[in-house]
Amino acid sequence: MDRNPSPPSSDAEDEATIAGDSIGNTVYSKHWLFSVLTKLIEVVSPEKDDSELNNVDVQVDLDEDLESDICKIWDMSMDKDVALFLQEFNAPDIFMGIFAKSKCPRLIEICVGILGNMACCQTICMAISKDENLGQLILQRLCDSDSPTLLETSRLLLTCLCHPEAANLWVERIRGSPSVYDCLCFIMSSSTNVELLVKVGEVIDKVFDLDEELMLNWIKNGSHQAAGQPTDDSPEDFPDFKIVPCLLEAAKQVCLDNNAEGLDVYMHILQLLTTVDEGIQAIVQTPDGGKETWNLLYGLFCNELCQPDDPPIIVQEQKTVLASILSVLSAIYSSQMEKEYVKIGKNMPLIGCLIRVLQNMEECGKTSRDSSEEPKSEESVEDFHLKILKDICCELLSNIFQELSKENVLEGLKQGHLNEQKCSCAFHNLLPFYFTSVEIFLEVLREADPSLADTVEKSFPSLRLKT
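Here is what the cut-offs are and how they apply
- Residues numbered from 1 in each chain as written.
- Predicted model: local features only at pLDDT ≥ 70, side-chain atom pairs only at ≥ 80, totals over all residues.
- Heavy atoms only, no water.
- Core = buried A, V, L, I, M, F, W, Y, C linked by side-chain atoms within 4.5 Å.
- Buried < 20%, exposed > 50% of the residue type's maximum accessible area, 1.4 Å probe, protein only.
- Contact = heavy atoms within 4.5 Å.
- Disulfide = S-S within 2.5 Å.
- Helix = DSSP H or I, 4+ residues; strand = E, 2+ residues; numbered from the N terminus.
- Salt bridge = Lys/Arg side-chain N within 4 Å of Asp/Glu carboxyl O.
- Expected span 1.5 Å × (residues − 1).
- Arc of directions from axis to C-beta.
- Polar contact = N/O pair within 3.5 Å; in protein donor to acceptor, adjacent residues only side chain to side chain.
- Phe/Tyr/Trp six-rings, centres within 6.5 Å; stacked < 30°, edge-to-face > 60°.
- Axes fitted to C-alpha atoms, helices over the stretch in contact; angles between N-to-C directions.
- Left-handed = near helix turned anticlockwise from the far one by under 90°.
- Nonpolar A, V, L, I, M, F, W, Y, C, P; charged D, E, K, R; others polar.

Another aspect to go through is the nonpolar core. In this structure, Y266, F301 and F427 are the most contacted members of the largest nonpolar core, which totals 161 residues. Beyond its immediate sequence surroundings of up to four residues, F427 is in contact with F401, V438, F441, L442, V456, F460 and L463.

Looking now at the state of the cysteines. One pass over the structure, following the stated rule, counts one disulfide. Each sulfur in the disulfide pair C143 and C183 lies 2.1 Å from the other. Taken together, the positions of C143 in the loop between α9 (132-140) and α10 (147-161) and C183 in helix α12 (residues 179-190) put the pair 40 residues apart, joining distant regions of the chain. For the pair shown, C143 and C183 are each scored as buried. Here C162 is not disulfide-linked; the sulfur of C160 is the nearest cysteine sulfur, at 9.3 Å. The thiol of C423 is not disulfide-bonded; the next cysteine sulfur, from C425, is found 9.9 Å away.

Glancing now at the pattern of salt bridges. Considering all chains together, one arrives at 16 salt bridges under this definition. The closest approach of N and O atoms between E67 and R106, which form a salt bridge, is 2.7 Å. A residue pair is termed long-range when its members are at least 10 positions apart, and E67 in helix α4 (residues 64-76) and R106 in helix α7 (residues 105-118) qualify at 39 residues. By the burial criterion, E67 is buried, and R106 matches it. In this structure, the salt-bridge partner of K72 is D69, at a minimum N-O distance of 3.9 Å. Taken as a pair, K72 and D69 lie in helix α4 at a separation of three residues, close to a single helical turn. For the pair K72 and D69, a shared accessibility class is recorded, and that class is buried. Each of the salt bridges in this network shares a partner with another, and the network as a whole consists of K39, D69 and K72.

In a regular helix each residue adds 1.5 Å, so 14 residues correspond to 20 Å; helix α2 (residues 30-43) covers 20 Å between its end C-alpha atoms and thus fits that length. The set of residues buried in α2 consists of W32, L33, V36, L37 and L40. The buried residues of α2 occupy an angular sector of 130° when the element is viewed end-on, so they sit on one face. With a side-chain oxygen lying 3.2 Å from the backbone nitrogen of H31, the N-terminal cap of α2 falls on S29.

Under the defined criterion, the tally for this structure stands at 11 aromatic pairs. Aromatic pair F34 and F85: ring centres 5.5 Å apart, planes at 55°, arrangement tilted. Taken together, the residues F34 in helix α2 and F85 in helix α5 (residues 80-88) connect sequence positions 51 residues apart. When its relative accessible area of 10% is taken as the criterion, F85 is described as buried. Considering the side-chain rings of Y181 and W218, the 5.4 Å spacing of their centres and the 75° angle between planes classify their relative orientation as edge-to-face. Taken as a pair, Y181 in helix α12 and W218 in helix α14 (residues 212-221) lie far apart in primary sequence, 37 residues in all.

For the rest of this paragraph, the subject is the packing of α5 against helix α8 (residues 122-130). Contact geometry for α5 and α8: axes closest at 10 Å, N-to-C directions at 35°. Here α5 runs over α8; the crossing is left-handed. Contacts from A83, L84 and Q87 in α5 reach T123, I124 and A127 in α8. Per-class residue counts for the contact of α5 with α8 are four nonpolar, two polar and no charged.

Spelled out as structure tokens, the structure:
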């Protein structure tokens, strides 16, 4: 049977109309919903499950008729009136019994999914979040071996974390449940389910954004496998996970699937790591010294996201992921300049791509100024994100310019990564804040191509006055 919830049948709607027992303003029947929830209670009743539930290896299949009915509830629970009615009927308590006792993966998946829909209602979200027993059972589901259940659990967690009043409750609960770290790392390092990886990434991204202390703990402490409360669903022995390799493994998987949303999420997580010294160290102190991270991000930037035949407007679409990637590359470059893999002689395309981003931003700016359309309210937000991208781009380019040798510049000119137009664009964006870097580069350019250096210099009076 399809794992997605089926829409309610017309029979349920007719029953609600005839009996006059519709839920709120819906056509759904209270009586019908009662009957389905009663069946769920019977599924986990003690007289039915004693023998099977004592055997942790037993997995139970779900009755097709019951599956069809609870899938209808799953779909109905998107309606606020239905969600509130389920809450009033104590459906979360029923689901809690299922989480604790059921060995049917499909049943657990659907129940978590219903909770996720119900949590879209703020009052229900708070009720779920304040229930410590239910909260712990939900976190334990992250150790489940069933991918659909993991996906619904991640969706539920993300919904709760996005509610400002509930977010802190979940952050504290996650902080007090160290096994969550191992479970999430295990998923990132081993799953090929891209939809699941994206949702897990969104959860981690949100948690790191909400609580820097928790991010620092995950960076510094590595695995907490012994400190958590083990569950029957947990692997007996987790590897000694480190956060950076797990993030990279997940990032590579979403890249293979060309999933733009997932790429944006995982690049932003890596960027968050670089906002603290411990995060940068976690990247560059991996066994390969950060080389894998550099190669992955360098390849994405130079070979996937920044292509010569892309229209300039593409920079608008890619601004957030570009900013994240360049932030991490800049952090690695600044801390690992002595490493062979970041030597710019081997990475000359990086200069050309950085300048291309600046050129595209300039072109977008001209188009915006020339447009006769009325200004949009979103433009200030767009300008803000583009400014961030420009600042990051200029910082990395200025650092590279200070390290170039005559041979590097000659190679860049030969390969087309540098020319009069590109040098002028670079200078226009770097001046006046990175005057020293431009000066250093200009002197090296003069050694490599005196004529080009003189031509470019004439366009920038501040440089001519200095000399």
